Structure formats: C-alpha cells, structure tokens
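Survey of secondary and tertiary structure
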Amino acid sequence: MVQDVIIAGGGPAGLTASIYTARAGLKVKIVDPVGAGGQAGTTSIIHNYPGFPDGVSGPELMGFMSEQAKAFGAEIEYGEVSALRKENSLFLVTIDGKDYEARSVIWAAGTSPRSLGVPGEADLIGRGVSFCAICDGPLFRDKVVAVVGGGDSALTGAQFLTGYAKEVILIHRRDQFRASLANVNRVVGHPRITLKLNSTVHQMKGDGLLESLVVRNVETGSIGEIEVDAVFLYVGSIPNSAPLEGLADLTSSGYVKTREDMSTGTPGLFAVGDVRDKLLRQVATAVGDGAVAGWSAEKYIIENFR
Ligand SMILES: Cc1cc2nc3c(=O)[nH]c(=O)nc-3n(C[C@H](O)[C@H](O)[C@H](O)COP(=O)(O)OP(=O)(O)OC[C@H]3O[C@@H](n4cnc5c(N)ncnc54)[C@H](O)[C@@H]3O)c2cc1C
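Quick caveat: nothing in here was measured; it's all calculated off a predicted structure.

Across all of its chains, the model carries five aromatic pairs by this definition. When the ring of F140 is compared with that of F232, the centres are 6.2 Å apart and the planes differ by 85°; the resulting orientation is edge-to-face. Of this pair, F140 sits in the loop between α4 (133-136) and β9 (144-148) while F232 sits in strand β15 (residues 230-233); the two residues are 92 residues apart in sequence, bridging distant segments of the chain. Exposure remark for F140: the relative accessible area of 14% places this residue in the buried category. A residue is classified by how much of its surface remains accessible, and F232, at 0% relative accessible area, is buried. For the ring pair Y300 and F305, a centre distance of 6.1 Å and an interplane angle of 70° mean the geometry is edge-to-face. On the basis of relative accessible area, Y300 is assigned to the buried category, the value being 12%. Judged by its relative accessible area of 26%, F305 falls in the partly exposed class.

With that out of the way, let us pick up the pairing of strand β12 (residues 199-205). Bridge count between β12 and strand β13 (residues 212-217): six bridges; the pairing is antiparallel. In the strand pairing of β13, S199 is matched with N217. Hairpin connection, β12 to β13: the antiparallel pair is bridged by six residues, and G208 has positive phi, about 90°.

The next point concerns the nonpolar core. Ranked by internal contacts, the top residues of the largest apolar core, which has 31 residues, are I7, L61, M65, I106 and V283. Looking at this core, the elements that each hand over two or more residues are β1 (3-8), α1 (12-23), β2 (28-32), α2 (58-71) and α7 (283-305). Aside from chain neighbours lying at most four places away, what touches I7 is G14, A17, S18, T21, V28, K29, I30, V31, I106 and A108. Core analysis: the second largest hydrophobic core is formed by 20 residues, F140, A165, A179 and Y234 among them.

Okay, the pairing of strand β14 (residues 223-227) next. Both faces of the sheet carry side chains from a regular strand, because those side chains alternate between them. Here β13 runs beside β14; their pairing, made up of five bridges, is antiparallel. Each bridged residue has a counterpart across the sheet, and for V215 the counterpart in β14 is G224. Linking two consecutive strands that pair antiparallel, namely β13 and β14, is a turn of five residues; a positive phi of about 80° is found at G221 within it.

Each assigned domain of the protein is listed with its residue range as follows: domain 1 (3-112 + 237-305) and domain 2 (115-233). Taken together, both faces of the contact between domain 1 and domain 2 bury some 420 Å²; the carbon and sulfur share is 74%. Counting the surface domain 1 buries against domain 2, the share from its top three residues, T42, S44 and H47, is 79%. Connecting domain 1 to domain 2 are zero salt bridges. Here domain 1 is connected to domain 2 by zero residue pairs in polar contact (both at pLDDT 80 or more). Taken together, the residues of the side of domain 1 that touches domain 2 break down into two nonpolar, four polar and no charged.

Bringing helix α5 (residues 152-161) into the picture now. For α5, the tally of buried residues reaches eight of ten residues, placing the bulk of the element in the interior. Within α5, the full set of buried residues consists of A154, L155, T156, G157, A158, Q159, F160 and L161. Those residues of α5 that are buried are in contact with α4, β9, β10 (167-171), α6 (181-187), β11 (193-196) and β15.

We now examine the site of the ligand. Close to the ligand lie 31 residues; D32, Q39, N48, D274 and V283 are nearest. Here an oxygen atom of the ligand and a backbone polar atom of P12 are 3.3 Å apart. Summarising the interface, the protein chains cover 89% of the accessible area of the ligand, which totals 1,000 Å² for the free molecule. Classifying every residue of the shell around the ligand by side-chain character gives 14 nonpolar, 13 polar and four charged.

This part covers the environment of A154. Locating A154 in the fold gives a position in helix α5. C-alpha of A154 to C-alpha of F232: the two residues are 78 residues apart in sequence and 8.2 Å apart in space. Excluding its chain neighbours within four sequence positions, the residues that come into contact with A154 are V147, V148, G149 and Y234.

Helix packing geometry: the angle between the two helix axes and the distance between the axes. Where α1 contacts α7, the two axes come as close as 7 Å, and the packing angle between them is 35°. Handedness of the α1/α7 crossing: right-handed. For the pair α1 and α7, contact is made by P12, A13, T16, A17, Y20 and T21 and by V283, A286, V287, G290, A291, G294 and A297, respectively. Taken together, the residues of the contact of α1 with α7 break down into nine nonpolar, four polar and no charged.

In a regular helix each residue adds 1.5 Å, so twelve residues correspond to 16 Å; α1 covers 16 Å between its end C-alpha atoms and thus fits that length. Counting buried positions along α1 gives ten out of twelve residues, so the element sits mostly inside the fold. Phi turns positive one or two residues past the end of α1, at G25, with a value near 90°.

In this section: the state of the cysteines. Evaluated as defined, the whole model comprises one disulfide. In this model C132 forms its disulfide with C135; the gap between the sulfur atoms is 2.0 Å. Since a negative S-S torsion denotes a left-handed disulfide, the C132-C135 link at about 70° is right-handed.

Cut-offs and rules
Residues numbered from 1 in each chain as written. Predicted model: local features only at pLDDT ≥ 70, side-chain atom pairs only at ≥ 80, totals over all residues. Heavy atoms only, no water. Phe/Tyr/Trp six-rings, centres within 6.5 Å; stacked < 30°, edge-to-face > 60°. Helix = DSSP H or I, 4+ residues; strand = E, 2+ residues; numbered from the N terminus. Buried < 20%, exposed > 50% of the residue type's maximum accessible area, 1.4 Å probe, protein only. Pairing = 2+ DSSP bridges. Core = buried A, V, L, I, M, F, W, Y, C linked by side-chain atoms within 4.5 Å. Contact = heavy atoms within 4.5 Å. Domains from an automatic or database assignment. Buried area = accessible area lost by both parts, 1.4 Å probe. Salt bridge = Lys/Arg side-chain N within 4 Å of Asp/Glu carboxyl O. Polar contact = N/O pair within 3.5 Å; in protein donor to acceptor, adjacent residues only side chain to side chain. Nonpolar A, V, L, I, M, F, W, Y, C, P; charged D, E, K, R; others polar. Near = heavy atom within 4 Å. Areas by Shrake-Rupley, 256 points an atom, 1.4 Å probe, with all protein chains shown as cover. Axes fitted to C-alpha atoms, helices over the stretch in contact; angles between N-to-C directions. Left-handed = near helix turned anticlockwise from the far one by under 90°. Expected span 1.5 Å × (residues − 1). Disulfide = S-S within 2.5 Å.

Here you go:
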C-alpha cells in the first residue's frame with residue numbers, strides 16, 4: 001500500500017505536518033522510534049508557546065497535538081527511518097529494515113543531544129549521566145545533581161530539577177548565560193541552584209554509577225572534584241539528517257537546507273523543524289514549518305499524482 005505521505009519524526013513539526021496533510025484527506029503515516037512527542041515532549045514546562053498564559057507542560061502539549069493528528073486520521077507508529085531513496089516517482093522509506101512506498105516524505109527527525117566526549121562519560125550514560133531532566137530527574141529526589149550548559153534548555157532543566165534534588169549545581173563554561181533573560185532571572189539566586197561558572201567538566205567518575213565530576217576552572221586552571229549523583233547534559237545538538245545525504249543539501253554541521261516552502265533538492269521531499277537550517281529552533285517555529293510542509297506536500301501530490 002503506497003502512503004501519500006510518510007513523516008519521519010513525531011515532534012511538533014512532524015505532528016503539525018500530519019494534521020495538515022491528514023486533514024486534506026491524504027493517507028499519512030508518522031514513524032518515530034520513541035512514539036509521538038519529540039524533544040518538546042520531554043520539556044517540563046513551556047512558557048513561550050502561544051495560547052497558554054500560565055505555560056503548558058511539554059507532555060501535555062504534545063499529547064494534544066498527537067490526539068489532533070489521530071483525529072484527522074494520521075497513523076502514528078513506532079519505527080526508525082534508516083534509509084531513504086527515490087525510484088521513479090516514489091520514495092522507498094526503510095523503516096526498521098523494511099521498505100515502504102510513499103509519494104512524498106516529510107523529514108521531521110529533529111536533533112539528538114550532544115555529549116561531552118570526556119573520559120568516563122560513555123560508560124555512565126543511563127547510570128547517572130542523562131540528557132533529559134524531565135525523564136530522569138524524579139529518580140534523584142533529595143540527591144545532588146549537576147546540569148552542564150548555559151542555554152535555555154540547561155536553565156529550564158535546572159529549574160525543573162529543583163523540584164526533586166536537594167541541590168542543583170549548574171556548570172557553565174562562560175561567565176554569562178546565553179539563555180533568555182527570563183530564564184536567567186529564575187535561576188540566579190534560586191536557593192537550590194549553585195552556579196559554577198567559567199568551569200568545564202573534564203572527567204566523570206563512578207564505579208557502575210556516577211559518583212563525581214572532575215571540573216576545571218577555565219580562568220585559573222584549577223581542577224576540583226564535585227560529588228554528584230547525576231549530571232544532565234545540555235551542550236548542543238546534532239541534526240538527525242544522515243538518511244538525507246545525497247537527496248538534500250546539508251550544511252557543514254548537517255542541518256537540511258530548505259526553500260521557503262520547506263522543499264529540498266529532491267521533489268516531494270520536505271524538511272521541517274529543528275533538523276532544518278534555520279534561525280530559531282523552538283516549538284512555535286517547528287509548528288510553523290510543519291504547517292507549510294503539510295500544505296506543500298498536498299500541493300505536490302495534487303500536481304504530480306492526481
Ligand atoms: C530541554 C529542552 C527544553 C526546551 N524548551 C523549549 C521551550 O520552552 N520552548 C520552545 O519553544 N522550545 C523548547 N525546546 C525546543 C523544542 O523542544 C524543539 O524546538 C522542538 O521540539 C523541535 O521540534 P521537531 O519536531 O523539529 O523535533 P523534535 O521535537 O526533536 O522531534 C523529532 C522526533 O524525530 C524522531 N526521530 C529522530 N530520528 C528519526 C528517524 N531516523 N526516523 C524517525 N524518527 C526519528 C525523534 O525520536 C523525535 O521524537 C526545548 C528543547 C529541550 C531539549
């Protein structure tokens with residue numbers, strides 16, 4: 001059975017694209033290895049998505065979006081797209097080793113969190129080293145945890161963790177945050193957040209579980225060790241774009257270059273959301289991309305298959 005549209009990624013960009021395409025009467029399948037929700041679904045509270053004056057929890061917002069997608073007839077399935085090619089007018093989409101045909105593909109696979117690459121880290125991922133405060137934070141009630149990073153994700157994660165941990169040590173390599181002023185104001189002076197600025201993590205230690213971080217002060221060069229039960233890393237992202245190599249232009253960092261209608265170098269292939277080369281990676285812009293791509297995919301299918 002040929003799908004009209006296969007959407008890789010069930011975050012806000014992919015779900016919005018599915019709402020537009022399914023509502024237009026197209027046969028739409030979303031695949032995502034972790035189900036619907038995306039990174040937004042792992043965010044404790046979103047204050048800047050319009051329509052929610054008191055903020056909205058990420059899981060709640062993403063639950064609404066996936067219910068809306070399903071109500072219009074989109075299918076949401078677990079699965080990872082590992083390869084993509086176009087033969088004649090159809091795309092062959094490899095999902096968990098099996099090929100599926102689609103008239104159009106919307107690539108909404110987002111980004112993956114970057115790790116620090118320091119000694120000890122790889123062995124301790126999932127054993128105290130985490131990339132998701134909302135997923136793992138509740139495991140560390142009354143413990144001491146660290147957050148590494150200086151952007152909005154790090155500061156939001158640190159605030160969320162204060163609801164569980166007795167102390168949150170926020171480690172940032174510079175003396176100023178690059179997060180929004182609103183977020184900085186919530187963190188600076190917070191009774192449970194200790195700032196460790198001008199500092200980088202050089203090693204993670206632990207016998208089976210994380211026990212401490214070796215931290216270097218970048219100004220003085222001094223090295224110290226801090227005991228923590230967990231560390232949450234928010235140090236950047238890597239775009240999930242590998243299957244698009246050869247089909248779409250990518251930046252040197254791997255972000256997908258698109259036109260205003262979200263089209264790529266291959267007709268019928270669109271890219272949306274955080275995986276795209278763009279100025280601002282947020283839920284509101286992901287949703288906007290998804291709406292445009294949904295409309296563009298519908299137009300492409302009408303012009304080429306109807
Ligand atoms: C901690 C944190 C806090 C944030 N806070 C805010 C905030 O307050 N406000 C705001 O607007 N934004 C916030 N953001 C950013 C926001 O979450 C993202 O901009 C948004 O989720 C991007 O949506 P997306 O659909 O492009 O990608 P994502 O939400 O990342 O979804 C991509 C999906 O694609 C899936 N996927 C990956 N590879 C494949 C593949 N090969 N095949 C199929 N599926 C695949 C992934 O599993 C994932 O579910 C935050 C992000 C983080 C990490």
